[in-house]
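This is what each chain is made of:
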Amino acid sequence: MAMMESAAPGPASPETPSVYVARRLPDEALAILQERFQVEIWPEAATPVPRDELLAKIKGKDGVLTLVTDRVDGEFLDAAGSRLRVVANMAVGVDNIDLEACRERGVIVTNTPDVLTETTADLVWALLLAAARRVVEGHLLIQRGQWKSWHPMFMTGQDVHGKVLGIVGAGRIGSAVARRAVGFNMNILYHNRRRNLDLEAAVGATYAQFDQLLQESDFVVCMLPLTAETAGRFGAREFALMKPTAVFVNASRGAIVDEDALVNALKTGQIWAAGLDVFAREPIGSDHPLLALPNCVCLPHIGSASVETRMAMATLAARNVAAVLSGQEPLTPVVQ
């Protein structure tokens with residue numbers, strides 16, 4: 001286990017708030033905190049802090065900067081104690097946080113919306129196009145020395161332009177995905193808890209009932225948040241409703257999809273292909289059954305992984321901590 005390192009360039013007095021950062025972040029983000037507070041940092045960038053280490057190090061802290069790999073629940077809050085004022089999650093999703101428990105204890109929770117919207121939408125389209133046009137399959141075919149000739153139906157995939165795009169979850173990222181579809185001259189359907197009139201006006205999207213969207217769409221993109229209601233939302237029934245030429249893309253949360261049902265749908269030809277950036281349990285191993293399917297493109301949860309966006313996320317999370325501990329309003333509160 002790597003040792004914990006401390007960084008406290010600011011004045012170390014009892015009045016100086018203390019912060020725990022649960023992962024090594026870029027220096028620019030850490031400097032925002034180190035200039036004002038006593039800061040402890042888990043020094044690993046690639047490895048999550050072990051749970052026992054996390055619970056020990058947050059004791060008595062005024063603020064904690066977390067990632068989606070860090071579970072913030074009653075045990076976490078008990079370990080932190082009554083000084084804890086803010087938990088800043090470096091993500092849009094907060095399914096790793098018990099929001100009600102934080103609310104009951106008066107702990108402010110923040111996330112990092114907006115700054116990753118466009119980058120994640122780009123990645124959704126990378127998955128959609130790669131799955132439709134068999135990009136990864138073609139790359140591997142060449143890499144394995146299996147490209148021997150050309151014939152009329154060689155490596156044929158599905159057209160994207162002029163097709164029907166169905167978006168389930170038309171929030172910030174879902175809307176950004178829809179905007180990109182205009183350039184492909186697609187008909188856009190969406191399903192949401194409530195009508196998104198701005199999206200309809202901007203791109204001519206049409207609201208559809210969930211089952212109707214599944215039946216009519218050539219491409220089904222899941223951008224739902226993970227909640228008790230959305231867990232397992234895509235299962236055997238839903239895949240059976242889709243076209244046999246449909247491509248399914250999920251860049252939201254893995255637990256929204258029944259992975260066994262998806263494997264079966266891909267194997268039996270119920271749907272054409274899938275592109276996935278998220279999985280029910282992460283990281284997945286090389287023996288995951290979805291990786292054995294030629295019609296499934298899998299990525300290691302990199303939806304927001306551009307240099308610019310990850311820097312912006314880290315900086316926003318740090319600024320949220322700094323704002324709350326300086327007596328100001330949080331920039332992007334979830335629980336306030």
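Look above for the structure.
Notes on the structure follow. (Residues numbered from 1 in each chain as written. Predicted model: local features only at pLDDT ≥ 70, side-chain atom pairs only at ≥ 80, totals over all residues. Heavy atoms only, no water.)

Overview of the pairing of strand β4 (residues 63–66)
Burial along β4 is two-sided: the residues Gly63 and Leu65 and Val64 and Thr66 are all buried. Inspection of the sheet shows strand β2 (residues 18–21) paired to β4 by three bridges, in the parallel sense. From the neighbouring strand, Val21 faces β4, where its bridge partner is Leu65. Relative to strand β5 (residues 86–89), β4 runs parallel, the two sharing four bridges. Looking across to β5, one finds that Gly63 is bridged to Val86. (Buried < 20%, exposed > 50% of the residue type's maximum accessible area, 1.4 Å probe, protein only. Helix = DSSP H or I, 4+ residues; strand = E, 2+ residues; numbered from the N terminus. Pairing = 2+ DSSP bridges.)

Quick word on the nonpolar core
Of all hydrophobic cores here, the largest spans 57 residues; its most connected members are Val21, Leu33 and Leu165. Considering each element in turn, this core owes the most residues, nine residues, to helix α5 (residues 117–132). Setting aside chain neighbours within four positions, we find Leu33 in contact with Val19, Val21, Val39, Leu65, Ala318, Val321 and Ala322. Core analysis: the next-biggest nonpolar cluster, separate from the first, contains 29 residues, Leu189, Leu262, Val263 and Leu293 among them. (Core = buried A, V, L, I, M, F, W, Y, C linked by side-chain atoms within 4.5 Å. Contact = heavy atoms within 4.5 Å.)

Describing the packing of aromatic side chains
Following the criterion strictly, the structure yields six aromatic pairs and no others. Ring geometry for Trp125 versus Phe184: centroids 4.7 Å apart, planes at 15 degrees, classification stacked. Of this pair, Trp125 sits in helix α5 while Phe184 sits in the loop between α7 (172–181) and β8 (187–191), and the two are 59 residues apart along the sequence. Between the aromatic rings of Tyr190 and Tyr207, the centroid separation amounts to 5.5 Å while the plane-to-plane angle is 75 degrees, which identifies the pairing as edge-to-face. Of this pair, Tyr190 sits in strand β8 while Tyr207 is found in strand β9 (residues 206–207), placing the two residues 17 residues apart along the sequence. (Phe/Tyr/Trp six-rings, centres within 6.5 Å; stacked < 30°, edge-to-face > 60°.)

Details of the packing of α5 against α7
Look at α5 against α7: their axes get within 8 Å of each other, and the N-to-C directions meet at 55 degrees. In terms of their interaxial angle, α5 and α7 are classed as oblique. Viewed along their axes, α5 and α7 form a crossing whose handedness is right-handed. Side by side, α5 and α7 meet where Thr117, Glu118, Thr120, Ala121, Asp122, Val124 and Trp125 of the first sit next to Arg172, Ile173, Ala176, Val177, Arg179, Arg180 and Ala181 of the second. (Axes fitted to C-alpha atoms, helices over the stretch in contact; angles between N-to-C directions. Parallel < 35°, antiparallel > 145°, perpendicular 65-115°, else oblique. Left-handed = near helix turned anticlockwise from the far one by under 90°.)

A look at the sheet that holds strand β13 (residues 296–298)
Spatial strand order, β9-β8-β7-β10-β11-β12-β13: seven strands in an open sheet with parallel pairing. Only two strands of the sheet have a single partner each, and these edge strands are β9 and β13. Where β8 meets β9, two bridges bridge the pair, whose relative direction is parallel. Its bridge partner being in β9, Tyr190 is matched across the sheet by Tyr207. Its contacts with the sheet put α7 on β7 (164–168) and β8, and the angle it makes with β7 is roughly 170 degrees.

A short note on the pattern of salt bridges
Oppositely charged side chains may form a pair once their charged atoms are brought near each other. The full count for this structure, using the stated rule, is 21 salt bridges. When the shortest N-O distance is used, the salt bridge between Asp73 and Arg71 registers 2.9 Å. Classification of Arg71 by relative accessible area gives partly exposed; the value is 44%. A salt bridge links Glu75 to Arg71; its shortest N-O distance comes to 3.8 Å. Through salt bridges with shared partners, one network takes in Arg51, Arg71, Asp73 and Glu75. (Salt bridge = Lys/Arg side-chain N within 4 Å of Asp/Glu carboxyl O.)

Examining the environment of Ile41
With respect to the helices and strands, the residue Ile41 is situated in strand β3 (residues 38–41). Sequence spacing of Ile41 and Lys57 is 16 residues, and the spatial spacing of their C-alpha atoms is 9.4 Å.

Observations concerning the pairing of β8
Of all five residues that make up β8, four are buried, and the element is covered over most of its length. As a crossover connection, the stretch from β7 through α7 into β8 is right-handed. Considered for its hand, the β-α-β crossover made up of β8, helix α8 (residues 197–203) and β9 is right-handed. (Right-handed = clockwise from strand over helix to strand, strands pointing away.)

So far we have only geometry, and geometry alone does not tell us how the molecule works.
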